[in-house]
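# Observations on the model geometry
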Amino acid sequence: MVPRWAKLARDDSNSAKAPAVLVVDNEPGVRSFLQKALILNGFQVWMAGDGKTAVEIYESHRDSIAVVLMDVCMPGVDGPATLAALRSIDPGVRCCFMTGGAGDYSREDLLAGGASHVLGKPFSLAEVVRVLHQMVSDSRSRVA
């Protein structure tokens, strides 16, 4: 069961053409900030507070989700394990990790595990928006 707060957040005036991002972070403040900021920058936003919820959302809505923006260190299922689960659903899933400290994982480990990008916290809003737009553009060019 997907928690009520894990629903899609969007600006309906732009939703038909806006790419969707699944934001996965256990910190409510980080999720809230990213939700507002990404909507203002032309994205639809799905939110999950943990890896299990992220996998449930992705299973149900993978055709709508263009990219995943996910924290590395989360209680329970961490980011790399969540990405592995997402890749078993969709080997082509596009993921950008964000981390304030990757714990046992190096940047190289995260990229080797399937991430397209790794952003260090704190990151600028301009940087995350640029990276996500680039990832969406890259995924669209592979389909075309």
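What you are looking at is a predicted structure, and each value in this text was computed from that prediction instead of being measured.

Parameters at a glance
- Residues numbered from 1 in each chain as written.
- Predicted model: local features only at pLDDT ≥ 70, side-chain atom pairs only at ≥ 80, totals over all residues.
- Heavy atoms only, no water.
- Helix = DSSP H or I, 4+ residues; strand = E, 2+ residues; numbered from the N terminus.
- Contact = heavy atoms within 4.5 Å.
- Areas by Shrake-Rupley, 256 points an atom, 1.4 Å probe, with all protein chains shown as cover.
- Buried < 20%, exposed > 50% of the residue type's maximum accessible area, 1.4 Å probe, protein only.
- Salt bridge = Lys/Arg side-chain N within 4 Å of Asp/Glu carboxyl O.
- Core = buried A, V, L, I, M, F, W, Y, C linked by side-chain atoms within 4.5 Å.

This part takes up the overall build of the chain. Along its length, the chain carries 5 helices and 6 strands. A separation threshold of at least 6 residues defines the contact pool for the chain, and within that pool the share at least 24 residues apart is 68%. Of the roughly 7,300 Å² of accessible surface on the chain, 52% is carried by carbon and sulfur atoms.

Turning to the side chain of Thr-99, a few remarks are in order. Summarising the element assignment, Thr-99 is placed in strand β5 (residues 95-99). For Thr-99, a relative accessible area of 10% corresponds to the buried category. Apart from residues no more than four positions distant in its own chain, Thr-99 is found in contact with Asp-71, Val-72, Val-118, Leu-119, Gly-120 and Lys-121.

Next up on the list: the pattern of salt bridges. Pairing between side chains of opposite charge can happen when their charged atoms approach one another. Enumeration over the complete set of coordinates arrives at 4 salt bridges. Note that Lys-121 and Asp-25 form a salt bridge whose closest N and O atoms lie 3.0 Å from each other. Separated by 96 residues along the polypeptide, Lys-121 in the loop between β6 (117-120) and α5 (125-143) and Asp-25 in the loop between β2 (20-24) and α1 (28-40) bring together distant segments of the chain. With a shortest N-O distance of 3.7 Å, Arg-94 and Asp-138 are connected by a salt bridge.

Ranked by size, the top nonpolar core spans 23 residues in total, and within it Leu-22, Val-24, Tyr-58, Val-68, Met-70 and Phe-97 carry the most contacts. At the level of secondary structure, the elements contributing two or more residues to this core comprise β2, β3 (44-48), α2 (51-61), β4 (65-71), α3 (79-89) and β5. Looking at which element gives the most residues to this core, the answer is α2, with 4 residues. Within the second largest apolar cluster, 19 residues are counted, among which are Val-23, Leu-38, Met-47 and Leu-119.

Our next topic: the side chain of Asp-71. Take Asp-71: it is sitting in strand β4. Residues contacting Asp-71, with those up to four places away along its chain left out, are Val-24, Asp-25, Asn-26, Gly-79, Phe-97, Met-98, Thr-99 and Lys-121.

In this model, Lys-121 is joined to Pro-122 through a cis peptide bond whose omega is 0°. Position of Pro-122 relative to the elements: it lies in the loop between β6 and α5.

Following the sequence through the fold, Pro-28 ends up in helix α1. Given a relative accessible area of 51%, Pro-28 falls into the exposed group. When the C-alpha atoms of Pro-28 and Ala-48 are compared, they prove to be 9.5 Å apart, with 20 residues separating the residues in sequence.

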